Amino acid sequence: MPTKAIGTVDLDIEICKGCELCIKVCPVNVLEMSREFNTIGFRYPILLDGCTGCEMCALICPDFCFTAIYRNIPNKRAAEIQ
Amino acid sequence: MPMTKEQAKEQLKKVWSLPKNSVNLGTHHMCPGCGEPMAYRIIGEIIEEMGIQENLIQVAGIGCYSALDVMMQNDRINALHGRAPSVATGVKRMLPDRFVITIQGDGDLVSEGIAEAVHCAARGENFTVFLLNNMVNGETGGHMTATTMVGHKTKSTLQGRDAKVHGMPIKTAELLAQLEGTAYSARGSVHSPAAIIRTKRMVRKALHAQRDNLGFSFVEILTMCPTGWFMETWEAPQFMEDTMTKYFTLGEFKVPEAVEAAA
Ligand SMILES: Cc1ncc(C[n+]2csc(CCOP(=O)(O)OP(=O)(O)O)c2C)c(N)n1
Ligand code: SF4
Ligand SMILES: [Mg+2]
């Protein structure tokens, strides 16, 4: 069983409204606001290296931009949604 | 050679995904940083987990969140302002095998229609009410409601709510917990991931209480309204943590033993 959590996220930047709540909750600070704007005119988060797949951003996002979370250490829901 | 994102993903397991059957995603028209879509997602996740979206009728109140109802994949009716619990009473009495929920705001449920909720709770009607409390009438411009905290600035109380003039705010979850017909009453919040996880548990318990015919179930969910609160989007959760949850304490006020044991 690996001990270091490695993860990534599926992120739909086109529906982001730039509220920055995910930036604040990320415990490892790997989300950063872009300098560019998406098609609806908002800045959006960019995922840097070091994501642990902890799901915090997905839980807080009001615009449902985080559509899926992946991690090397599966939880009990992982079997259901594969 | 470094792995592409797709290659890396193959080695990882999907541990979380948005509910797909109960919630139809896509852009919605809430303000940036609004807490109401999160509350809807939590309710949708539990509906999907229980597999009841085909068997559920939602009665919607009137407020910003009414625009979110198109997101839900279940049958729904829009009630007049504040009257959703009475409409839900009729639906549940005619179709007792369906799950019936109402989703209402504080302006809708507390300011406009508190009597409906109180009487439904007193009669022990077997449906679930979700109150999205953001302390303002968001949709009509952000004026004070009956749950606005003392000192809180809104469009109609620019100096802050004054207890001498406007009275004291109503703590709905505590109020309804006192009634004998109420099976379950709790208050959650969406200001942090931890609060969201706890609120999800409350929503599950409330719907389980309805499934087991225990009586009226109620969950108040505190949501942020940065637009109505004159705040930056990222300041609102901190304000809730520091101030709002100190007055509107989070927790369960009435839990039936059967539900407690099962959860
Ligand atoms: C009988 C009646 N009175 C007033 C209104 C106007 N009105 C529409 S939405 C609303 C405020 C709703 O506030 P709340 O339920 O807190 O929802 P929020 O917008 O804050 O999410 C009001 C007063 C109405 N639609 N019907
Ligand atoms: S006014 Fe407030 S409640 Fe309405 S969509 Fe905007 S943030 Fe949400
Ligand atoms: Mg409101």
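These numbers were taken from a predicted model, which means no experiment stands behind them.

Calculation criteria
- In every chain, residue numbers begin from 1 and rise along the written sequence.
- Chains carry letters and ligands carry numbers; both start at the beginning, A for chains and 1 for ligands, and go up in the order they are written.
- Totals for whole chains, interfaces and linings use all residues, but because this is a predicted model, local features are given only for residues with pLDDT of at least 70 and pairs of side-chain atoms are given and counted only at 80 or more.
- Excluded from the side-chain calculation are hydrogens and water; included are all heavy atoms of the structure.
- Buried means the residue's accessible area, taken with a 1.4 Å probe over protein chains only, is under 20% of the maximum for its type, while exposed means over 50%, and partly exposed covers the values in between.
- Helix and strand definitions here come from DSSP, where helices need a minimum of 4 consecutive H or I residues and strands a minimum of 2 consecutive E residues; each element is numbered from the N-terminal end.
- When we speak of the arc, we mean the arc of directions from the helix axis to the C-beta atoms.
- Here a residue-residue contact requires only that any non-hydrogen atoms of the pair lie within 4.5 Å.
- Only the contacting stretch of a helix is used when fitting its axis, a line to C-alpha atoms as for every element, and angles between N-to-C directions run 0 to 180 degrees.
- Aromatic contacts are taken between Phe, Tyr and Trp rings whose centres are within 6.5 Å, Trp giving its six-membered ring; a plane angle under 30 degrees counts as stacked, one over 60 as edge-to-face, and the others as tilted.
- Any Lys NZ or Arg CZ that is within 6 Å of a ring centre and within 35 degrees of that ring's normal is treated as a charge sitting over the ring.
- When two components associate, each loses some accessible surface as probed by a 1.4 Å sphere; the sum of these losses over both components is called the buried area.
- Salt bridge, as used here: a side-chain nitrogen of Lys or Arg that lies within 4 Å of a carboxyl oxygen of Asp or Glu.
- Counting of polar contacts relies on pairs of N or O atoms within 3.5 Å, with two restrictions inside protein: one atom must be capable of donating a hydrogen and the other of accepting it, and residues adjacent in sequence are counted only when both atoms are side-chain atoms.

A few words now on helix 5 (residues 114-123) of chain B. Residue and element names in this part refer to chain B. For helix 5, the set of buried residues is Glu-116, Ala-117, Cys-120 and Ala-121. In an axial view of helix 5, the angular spread of the buried residues amounts to 125°, which keeps them on one side of the axis. Where the residues of helix 5 are buried, they touch helix 3 (84-94), helix 4 (106-112), helix 7 (172-177), strand 8 (182-189) and strand 9 (216-222). After helix 5 finishes, the residue Gly-124 shows a positive phi value of roughly 65°.

Attention now moves to the packing of helix 3 of chain B against helix 5 of chain B. At a closest axis distance of 8 Å, the pairing of helix 3 of chain B and helix 5 of chain B adopts a crossing angle of 35°. Here Pro-85, Ser-86, Thr-89 and Arg-93 of chain B of helix 3 of chain B lie close against helix 5 of chain B, whose contacting residues are Glu-116, Ala-117, Cys-120 and Arg-123 of chain B.

Another point: the packing of aromatic side chains. Residues and elements named next belong to chain B. With the rule as written, the count across this model stands at three aromatic pairs over all chains. Centroid distance Tyr-247 to Phe-248: 5.1 Å. Interplanar angle 90°. Geometry classified as edge-to-face. For Tyr-247, a relative accessible area of 24% puts it in the partly exposed group. Taking the relative accessible area as the measure of exposure, Phe-248 reaches 0% and is therefore buried. One Lys or Arg, Lys-153, reaches over the ring of Phe-230 and ends 4.9 Å from the middle of that ring. If you follow Lys-171 out to its NZ or CZ, it ends over the ring of Tyr-247, 4.3 Å from the centre.

We now examine the interface of chain B and chain A. With 30 residues of chain B in contact, the opposing surface of chain A contributes 37 residues. In this assembly, chain B packs against chain A so that about 3,100 Å² is buried in total across both faces, 68% of it on carbon and sulfur atoms. If you look at where chain B meets chain A, you find zero salt bridges. Put simply, chain B and chain A have 11 residue pairs in polar contact (both at pLDDT 80 or more) between them. Elements represented by at least two residues in the side of chain B that touches chain A include exactly helix 1 (5-11), strand 1 (13-17), helix 2 (36-50) and helix 8 (193-211) of chain B.

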